[in-house]
Amino acid sequence: MYASIKTSQKFAAIGYAAIGALMLALPAQANLVSNGGFESTTAGVGQLTTNTDATGWINGLSSAADPGYNFIFAAATADSSGAEGQYGTVALWGPNNGSANGFGASPDGGNLLGADGAFQTGPISQIINGLIAGNTYTLGFWWGGAQQAGFNGETTEQWQVTFGSQTQSTAVLTNVDQGFTGWQRQTFDFVASSASELLSFLAIGTPSGIPPFVLLDGVTLDAAATAVPEPGMLALLGIGLIGIPALRKLRNKR
């Protein structure tokens, strides 16, 4: 009986070791997006390219192509002092400038991106590295629809999101006069075709005469694609799992 107990203990030890190794082998969840909350900038709030830049992001598809009318706002001042741009100060309707529409910081907090979806449109983009071709990745972000203060009328807002050669779009939100849609949580699944892909967000809105601003914050890309353990690891795990109940049974008999 003593030999049986020792054998079961050995199998159980192998099983526990295999479980530990398997857990270490699985990839940890990590955000592959740099500066997804837009907290890091070169010159505070303002229009991208013209007044400031968001670290890790490109205002356009490349540093010189398709720059959009896109702004970094501080949530606390977006509806008061706003942000400077090439045509002057831009602010969003909110409680601090006369519209009790519930505008406020996203659940991610801090800065946010605001992009005009109907004037001088252009994407904000970032090259994502460290991908595994063929694996699925989940993109998540907070977004909403707002309007530029000083203009009146109903608007619509939407994000068009491209990852490599794949494009998906959010729902179209309808925004009342001087309104704010509230923050929405969106996730999309994309399959990587190479180790690096270009991720881009393009604001789409209507009408052109009443600036619809599409908001973005808290961008994440889940790097925890499913990993398949090696056959040898699975065999060790199986031996260990068999040994654990056998060890318990022998101990109960004693």
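All of these numbers come straight from a predicted model, not from anything done at the bench.

How each quantity is defined
- Residues numbered from 1 in each chain as written.
- Predicted model: local features only at pLDDT ≥ 70, side-chain atom pairs only at ≥ 80, totals over all residues.
- Heavy atoms only, no water.
- Helix = DSSP H or I, 4+ residues; strand = E, 2+ residues; numbered from the N terminus.
- Buried < 20%, exposed > 50% of the residue type's maximum accessible area, 1.4 Å probe, protein only.
- Areas by Shrake-Rupley, 256 points an atom, 1.4 Å probe, with all protein chains shown as cover.
- Core = buried A, V, L, I, M, F, W, Y, C linked by side-chain atoms within 4.5 Å.
- Contact = heavy atoms within 4.5 Å.
- Pairing = 2+ DSSP bridges.

**Q** It is not clear to me how the overall build of the protein should be interpreted in this structure. Could you clarify?
**A** Counting secondary structure elements, the protein contains two helices and 14 strands. Burial statistics for the protein: of 254 residues in total, 44% are counted as buried. Summed over its atoms, the accessible surface of the protein is roughly 11,800 Å², and 57% of this surface lies on carbon and sulfur atoms.

**Q** Is there a simple way to think about the nonpolar core in this case?
**A** The nonpolar side chains of soluble globular proteins are, as a tendency, buried together. Phe141, Trp159, Phe201 and Val219 are the most contacted members of the largest nonpolar core, which has 30 residues in total. Mapped onto this core, the elements with two or more residues apiece are strand 6 (111-116), strand 7 (124-128), strand 8 (136-147), strand 9 (155-163), strand 12 (184-191), strand 13 (197-206) and strand 14 (212-222). Counting residues in hydrophobic clusters, the runner-up holds 15 residues, among them Phe71, Ala83, Leu92 and Phe213.

**Q** Is there a simple way to think about the environment of tryptophan 142 in this case?
**A** Checked against the element boundaries, tryptophan 142 lands in strand 8. C-alpha of tryptophan 142 to C-alpha of glycine 182: the two residues are 40 residues apart in sequence and 10.0 Å apart in space. Contact partners of tryptophan 142, with chain neighbours within four places excluded, come to Ser106, Pro107, Asp108, Trp183, Gln184, Arg185, Leu215, Leu216, Asp217 and Gly218.

**Q** Sorry if this is basic, but what is going on with unusual backbone geometry here?
**A** The phi torsion of most residues other than glycine is negative, and most of the peptide bonds are trans. For the bond running from threonine 206 to proline 207, omega is -15°, close enough to zero to count as cis. Structurally, proline 207 is set in the loop between strand 13 and strand 14. Residues other than glycine seldom take positive phi values, yet asparagine 35 does so here, at roughly 55°. As for its placement among the helices and strands, asparagine 35 is situated in the loop between helix 1 (2-25) and strand 1 (46-47).

**Q** Explain the pairing of strand 6 to me, please; I cannot follow it from the model alone.
**A** For a regular strand, the rule is simple: side chains alternate between the two faces of the sheet. In terms of residue burial, strand 6 counts as a mostly covered element, since six of its six residues are buried. What you see with strand 6 is no split at all: Asn111, Leu113 and Ala115 on one side and Leu112, Gly114 and Asp116 on the other are buried throughout. By the bridge criterion, five bridges tie strand 3 (residues 70-74) to strand 6 in an arrangement that is antiparallel. Paired with isoleucine 72 across the strands is leucine 113, a residue of strand 6.

Shape is all these values report; function is a separate question.
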